[in-house]
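Residue strings, one per chain:
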Amino acid sequence: MDGNNRANITRGTHVLIVQKQDQRAEKLTEGVVKDILTNSPAHPHGIKVRLESGIVGRVKRILP
């Protein structure tokens, strides 16, 4: 599942995100969503979240 729709993401969701500095390299970081930072219902580059580790990035993939 992709991370472009806010309705697909809740606190505690296991996701892969891309951090701002890793966008060109497309390096993904795995973690669990602590906070959802994007207010709009959808975003073409992914919903911005904060992971439990404190890392902020845009969701690229939602893991099972």
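Rules behind the numbers
Residues numbered from 1 in each chain as written. Predicted model: local features only at pLDDT ≥ 70, side-chain atom pairs only at ≥ 80, totals over all residues. Heavy atoms only, no water. Helix = DSSP H or I, 4+ residues; strand = E, 2+ residues; numbered from the N terminus. Rg over C-alpha atoms; globule rule 2.2 N^0.38 Å. Lys, Arg positive; Asp, Glu negative; His and termini not counted. Charge placed at Lys NZ, Arg CZ, Asp CG, Glu CD. Core = buried A, V, L, I, M, F, W, Y, C linked by side-chain atoms within 4.5 Å. Buried < 20%, exposed > 50% of the residue type's maximum accessible area, 1.4 Å probe, protein only. Salt bridge = Lys/Arg side-chain N within 4 Å of Asp/Glu carboxyl O. Pairing = 2+ DSSP bridges.

Some words on the overall build of the protein
- For the protein, the count of helices and strands is zero helices and four strands.
- Written out in order from the N terminus, the α and β elements of the protein read β-β-β-β.
- Its C-alpha atoms give the protein a radius of gyration of 10 Å, within 12% of the compact-globule value 11 Å for 64 residues.
- Judged by the C-alpha coordinates and their principal axes, the protein covers about 25 × 25 × 20 Å.
- The protein carries 11 positive and 6 negative side-chain charges, and their two centres are separated by 6 Å.

Section: the nonpolar core
- Judged by nonpolar contacts, I9, V15, I17, V33, I47, V49, L51, V59 and I62 together constitute the single largest core of nine residues.
- Elements with a minimum of two residues in this core: strand 1 (14-18), strand 3 (48-51) and strand 4 (56-62).

Brief notes about the pattern of salt bridges
- A complete count under the given rule lists one salt bridge for this structure.
- D35 is the salt-bridge partner of R50, the closest N and O atoms lying 3.1 Å from each other. Within this pair, whereas R50 is found in strand 3, its partner D35 is found in strand 2 (residues 28-36), the two being separated by 15 residues in sequence.
- Here R50 falls in the partly exposed class, since its relative accessible area comes to 29%.

Digging into unusual backbone geometry
- Even without being glycine, E26 reaches a positive phi, approximately 55°.
- Relative to the helices and strands, E26 is located in the loop between strand 1 and strand 2.
- With relative accessibility at 64%, the residue E26 sits in the exposed group.

Let's talk about the pairing of strand 4
- The sheet contact formed by strand 1 and strand 4 spans four bridges and is antiparallel. Its bridge partner being in strand 4, V18 is matched across the sheet by R58.
- Pairing analysis gives three bridges linking strand 3 to strand 4, with the strands arranged antiparallel. Across the sheet, V49 pairs through a bridge with G57, a residue of strand 4.
- Where strand 3 folds back onto strand 4 in an antiparallel hairpin, the turn is made up of four residues, including G54, whose phi is positive at roughly 95°.

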